[in-house]
Amino acid sequence: MSSLLLNLAVASLVASFTAAASNGDFNILSFNVAGLPSILNDNDVPGDKATNAGTIGTLFTKYDYDVIHVQEDFAYHADIYATDDHAYRTATSGTAGVGSGLNTLSNFDWVDFTRVKWATCSDASGDDCLTPKGFTFMRVLLSEGVYVDFYNLHADAGTEADDETARAANLQQVADYIDTWSIGNSVVLYGDTNSRYTRALDGITVFETQNSLTDAWVELENGGVNPTVLTLCDNPSLINTCETVDKVFYRGSKQLSLTGTYFNYESSKFLQSNGSILSDHNPITVNFTWTTSDSLLQSELYGGPHGTWFNDIESIPSSPKTSVITFRGASRLDSVALTLTSGTTFTHGGTGGTSTSLTLESSEYWTSAQLCQGQYNSETRNFYILATTSTGRTLVSGTATSDCTTFTAPTGWQIVGYMGQDGDEIDQLAFIYAPY
Ligand SMILES: *[C@@H]1O[C@H](CO)[C@@H](O)[C@H](O)[C@H]1NC(C)=O
Ligand SMILES: *[C@@H]1O[C@H](CO)[C@@H](O)[C@H](O)[C@H]1NC(C)=O
């Protein structure tokens, strides 16, 4: 544990940024569990689907992958959850015809979970429009102040012209969502893309070209080069050099480096007791290591997941120092802003409320902030902020509630920017820290 990150306890306040881990690891599993009702589709998997689903849940518990994304988790969802013991799991969105079949089983908690339906589907082959497929999004909290945006997806199947059009539109929809909702953030995206690199019309390279994501299989098993020759995997696959349509993509951020260290088809672990398969897809695991930056860190997010995501991290220059803090507020917190000595200004929220500012001395730093949240129109927002500097001066805006927390920069660090979600007020907020 770095002494750099040891937190100053603030009397009578909840110090939310306590000594944080500066590195760690986690692993993921991506698995299409073939959970369509057996009368609709047996997926060429022998045996009873409910029994097989129970076995899948048992194996999730046994191997304890940190964040599991399942697809086609429809009719036998309860059987998987009955034998799985992950602490954090999404509630099902319903069986086939109703839900998307997408769920997450995790050892880590998350915020901002969202289900998004595809704008385009095709029944040219397969019955992709039978059920509202799509993707899911969540900000997973790996450690204090360490978030990664996780996406699960199940794209349109088939290779008829309309399938290709729908699938390319699906992948583009996720790529555009990442551009909006994961600005500045690390991302791990995995699931059933129904895509192959050798089918150009699928557009699977969009995540690399538009979002700067790396395909873990391409990186770790294919020499960093997108395949130009089609290879099919057996099921169970005993080798990792073949390509499946289930894929794992990732990127780090300016505050968190993320490295894929291990890729494996886990198929041999996911078998019935007599050796038959449990699904028509090979499950995939990838191990990751992460390390926080020594120049930028963040607090946890506070408030509600409404409004639009913003993140100043890409625009913070090297050796930043906050010179002016500005807030707007009245009954709630309308806006937060700050100006760096470089002249760069960040402003978020709306123009309501009353403006208040504090200009910092050259040896004075913004070191902690208290936020209070409350309910407005049945949604959570930030109502209040109290900034405190290294010399004990304060700046207040909005109206305090009884639901407050204080974020304090690690010793020797200061607040130099914001991230969160805003509209005409500040819905959700986190602080970006840099050393001084
Ligand atoms: C394994 O058991 C299932 C369920 O009883 C059966 O359908 C399947 O054929 C068996 N597989 C083998 C390889 O015997
Ligand atoms: C992958 O991660 C899991 C869980 O942390 C760990 O048990 C396993 O040893 C790792 N495998 C490799 C090859 O690093």
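Owing to the predicted nature of the structure, the values given are computational and were not obtained by experimental measurement. (Residues numbered from 1 in each chain as written. Chains lettered and ligands numbered in written order. Predicted model: local features only at pLDDT ≥ 70, side-chain atom pairs only at ≥ 80, totals over all residues. Heavy atoms only, no water.)

### Some words on the overall build of the protein
This is how it is decided: Helix and strand labels come from DSSP, where a helix needs a run of H or I of at least four residues and a strand needs a run of E of at least two; each type is numbered from the N terminus. The atom set for the radius of gyration is the C-alpha atoms, and the globule formula is 2.2 Å times the number of residues raised to the power 0.38. When accessible area is computed with a 1.4 Å probe and restricted to protein chains, residues below 20% of their type maximum are described as buried, those above 50% as exposed, and intermediate ones as partly exposed. In this analysis, two residues are considered to be in contact whenever any of their non-hydrogen atoms come within 4.5 Å of each other. Surface accessibility follows the Shrake-Rupley procedure with a 1.4 Å probe radius. Residue values consider only the protein chains on display as shielding. Only four residue types enter the charge count: Lys and Arg as positive, Asp and Glu as negative, with His and the chain ends excluded. Working definition for charges: the position is that of NZ of Lys, CZ of Arg, CG of Asp or CD of Glu.
For the protein, the helix and strand inventory stands at five helices and 25 strands. Here the C-alpha radius of gyration of the protein, 23 Å, is about what a compact globule of 436 residues would show, namely 22 Å. Structurally, the protein occupies a C-alpha span of about 70 × 45 × 40 Å along its principal axes. Counting only residues that meet the buried cut, the protein has 55% of its 436 residues in that class. Sequence-distant contacts in the protein: of pairs separated by 6 or more residues, those separated by 24 or more amount to 71%. Surface summary for the protein: the accessible area is close to 16500 Å², and the carbon and sulfur share equals 50%. Looking at charge distribution, the protein has the averaged site of its 19 positive side-chain charges lying 4 Å from that of its 49 negative ones.

### Regarding the site of ligand 1
For clarity, the threshold we go by: A molecule or strand has a residue near it when one of that residue's heavy atoms lies within 4 Å. Polar contacts, as used here, are pairs of N or O atoms within 3.5 Å; protein pairs need one atom able to donate a hydrogen and one able to accept it. Residues neighboring in sequence count only if both atoms are side-chain atoms. Throughout this entry, Asp, Glu, Lys and Arg are counted as charged residues, while Ala, Val, Leu, Ile, Met, Phe, Trp, Tyr, Cys and Pro are counted as nonpolar. The remaining residues, Gly among them, count as polar.
Around ligand 1 lies a shell formed by P46, G47, Q272, N274 and S276. S276 is positioned with one of its side-chain polar atoms (N or O) 2.7 Å from a nitrogen atom of ligand 1. With the chains in place, 40% of the 370 Å² that ligand 1 exposes on its own is no longer accessible. Residue classes in the shell around ligand 1 are distributed as one nonpolar, four polar and no charged.

### Comments concerning helix α1 (residues 49-63)
Using the following cut-off: Between the first and last residue of a helix there are one fewer steps than residues, each counted as 1.5 Å, and that sum is the expected span.
A rise of 1.5 Å per residue sets the reference length of α1, with its 15 residues, at 21 Å; its end C-alpha atoms lie 21 Å apart and thus fit the reference within 8%. Looking at α1, one finds that the buried residues are K49, N52, A53, G54, I56, G57, L59 and F60. On the buried face of α1, the contacting elements are β1 (23-32), β2 (67-71), α2 (77-83) and β4 (103-106). After α1 finishes, the residue D64 shows a positive phi value of roughly 50°.

### Re the UniProt feature "domain: Jacalin-type lectin" (unreviewed entry) in the protein
We count it as follows: UniProt positions are given in the numbering used here, feature names are shortened, and annotations may be inferred rather than shown by experiment.
Feature annotation in UniProt assigns "domain: Jacalin-type lectin" (unreviewed entry) to the following positions: residues 296-435. Secondary structure across residues 296-435 comprises 0% helix and 62% strand; the distance between its end C-alpha atoms is 8 Å.

### Looking at the nonpolar core
The following threshold applies: Nine residue types can take part in a nonpolar core, namely buried Ala, Val, Leu, Ile, Met, Phe, Trp, Tyr and Cys, and a core is a set of them joined through side-chain atoms within 4.5 Å. Where each domain starts and ends comes from a domain assignment, either automatic or drawn from a database.
W366 and F431 are the most contacted members of the largest nonpolar core, which totals 86 residues. Both of domain 1 (23-292) and domain 2 (297-435) provide at least three residues apiece to this core. Contact partners of W366, with chain neighbours within four places excluded, come to T322, I325, F327, L338, L360, A387, T388, T389, Q414, I415, Y418 and F431. Listed in part, the 16 residues of the second largest apolar core include L29, V70, L105 and F270.

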